[in-house]
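Structural characterization, general
Each chain, letter by letter, is given below.
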Amino acid sequence: MATRSEASYISCMNIALRTPLTVDQYLAWARTQSDPPRTELINGQIVPMSPERIAHNRTKIKVLLALRQALVTAGVIGEVFIDGLTVPIDEHTAYEPDVLVRCGDPLPPDQMKVTDPVIVVEVNSPSTAHMDTSAKLVGYFKLASVRHYLYVEPDMRKVTHHARAADGTIVAHALASGPLRLDPPGLVVEASDLFG
């Protein structure tokens, strides 16, 4: 027998199959969950996220710590968040990046979304690799605030840095070591620190 949270999730999934949810409806639903499942909103549909491997979780923490230290070193006012926060892409799509950096004053503590990330990070996972390197790559750069998208592959010890150039084009390069310059906002991270 399904728990109340699971029943609510299943009911919402059934509704979502008929009527695409907006990001605001999705977040309102999430607020009603006593133990919300890990999900994203893709084209108005609630999509469950798979459990992650230990290596994936360790890498997220390493990325978070490296970016937080880079913010402090650069003297940039901002915050680094690990997964759990929603990044709205359009009216019916919202992703939950593994790590993100937002510049500016702190957000309110009860807020569930970040609308203006500057850096978004996804860590390679076999179940999401295709989406992370296609739809999410395009989606994150739909946001005017996003300047950098890092795709970290811990097993290959490689990070692919996608950056918005001054003319608006997206350029990419991969590296395993050496300085990774994230400007703006003026951060420098040693690529190898992202893998441990």
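Position labels on residues start from 1 in each chain and follow its written sequence. Totals for whole chains, interfaces and linings use every residue, but because this is a predicted model, local features are given only for residues with pLDDT of at least 70 and side-chain atom pairs only at 80 or more, for both listing and counting. The basis for every side-chain value is the complete set of heavy atoms in the structure, and neither hydrogens nor water enter the calculation.

What to know about helix 2 (residues 23-31)
For every residue, the accessible area obtained with a 1.4 Å probe (protein chains only) is divided by the maximum for its type, and the residue is called buried under 20%, exposed over 50%, and partly exposed between those limits. Secondary structure elements follow DSSP: runs of H or I of four or more residues count as helices, runs of E of two or more count as strands, with numbering from the N terminus. Here helix 2 has its buried residues at V23, Y26, L27, W29 and A30. The arc that holds every buried residue of helix 2, seen down its axis, measures 155°, which confines them to one face. Exposed and oriented more than 90 degrees from the buried face of helix 2 are D24 and R31. Read the arc as the range of directions from the helix axis to the C-beta atoms.

Focus: the sheet that holds strand 9 (residues 158-164)
Note: two strands are recorded as paired if DSSP finds a minimum of 2 bridges between them. Taking strand neighbours across the sheet as the criterion, the six strands line up as 3-6-7-8-9-10 in an open arrangement whose pairing is mixed. Two strands in the sheet have a free side with no partner beyond their single neighbour: strand 3 (78-82) and strand 10 (170-175). For this sheet the average axis-to-axis angle between neighbouring strands, irrespective of direction, equals 15°. Relative to strand 10, strand 9 runs antiparallel, the two being bridged by six bridges. Each residue of the ladder has a partner; that of H162, found in strand 10, is A172. The contact criterion used throughout is that any non-hydrogen atoms of two residues lie within 4.5 Å. To get an axis, fit a line to the C-alpha atoms, keeping to the stretch in contact for a helix; angles then go from 0 to 180 degrees between the N-to-C directions. Here helix 3 (residues 54-74) sits on the sheet and contacts strand 3, strand 6 (99-103), strand 7 (119-123) and strand 8 (148-153); the angle it forms with strand 3, its principal contact strand, is near 175°.

Some remarks on the confidence of the model for the protein chain
Looking at the protein chain as a whole, its pLDDT mean stands at 90, while 90% of the residues score no less than 70. Each residue carries a pLDDT value, the predictor's own confidence for that position, ranging from 0 to 100. Least confident of the elements in the protein chain is helix 1 (residues 4-18), whose mean pLDDT is 52; most confident is strand 6, at 98.

Some remarks on the environment of E122
Positionally, E122 belongs in strand 7. For E122, a relative accessible area of 3% translates into the label buried. Each C-alpha atom of the pair E122 and V101 lies 12 Å from the other, and the pair is 21 residues apart in sequence. One polar contact links E122 to Y140, side chain to side chain, over a distance of 2.7 Å. Polar contact is the term for a pair of N or O atoms within 3.5 Å; when the atoms are in protein, one must be able to donate a hydrogen and the other to accept it, and sequence-neighboring residues count only if both atoms are side-chain atoms.

Focus on the side chain of H161
With respect to the helices, strands and loops of the structure, H161 is situated in strand 9. Among the polar contacts made by the side chain of H161, one reaches the side chain of H148 at a distance of 2.8 Å. With sequence-adjacent residues up to four places away left out, H161 is seen in contact with H148, Y149, L150, V171, A172, H173, L180, R181 and L182.

Some points on the nonpolar core
Each nonpolar core is a collection of buried residues, namely Ala, Val, Leu, Ile, Met, Phe, Trp, Tyr and Cys, held together in the definition by side-chain atoms within 4.5 Å. Ranked by internal contacts, the top residues of the largest apolar core, which has 24 residues, are L67, I119, V121, V152, V159, L182 and L194. Looking at this core, the elements with two or more residues in it are helix 3, strand 6, strand 7, strand 8, strand 11 (179-182) and strand 12 (187-190). Looking at this core, the element that brings in the most residues is helix 3, giving six residues. When residues no more than four places from it in sequence are discounted, the contact partners of V152 are T59, V63, V121, E122, V123, N124, K158, V159, L194 and F195.

A short note on the packing of aromatic side chains
The aromatic pairing rule takes the rings of Phe, Tyr and Trp, using the six-membered ring of Trp, and pairs them if the centres are within 6.5 Å, calling planes under 30 degrees apart stacked, those over 60 edge-to-face and the rest tilted. Applying the stated rule across the entire model yields three aromatic pairs. Here the aromatic rings of Y26 and W29 are separated by 6.1 Å at their centres, their planes lie at 25°, and the arrangement is stacked. Placement of the pair is Y26 and W29 together in helix 2, with a separation of three residues, close to one helical turn. Geometrically, the ring pair formed by Y140 and Y149 is tilted, given 5.4 Å between the ring centres and 50° between the ring planes. Look at Y149 and you get buried, because its relative accessible area is 1%. Three or more aromatic residues link up through ring pairs in this structure, and these residues are Y95, Y140 and Y149.

Here's the deal with the side chain of T86
One can find T86 in the loop between strand 3 and strand 4 (87-90). Taking relative accessible area as the criterion, T86 reaches 7% and is therefore assigned buried. T86 has contacts with Y26, L27, A94, Y95, M112, K113 and V114, leaving out every residue within four places of it along the chain.

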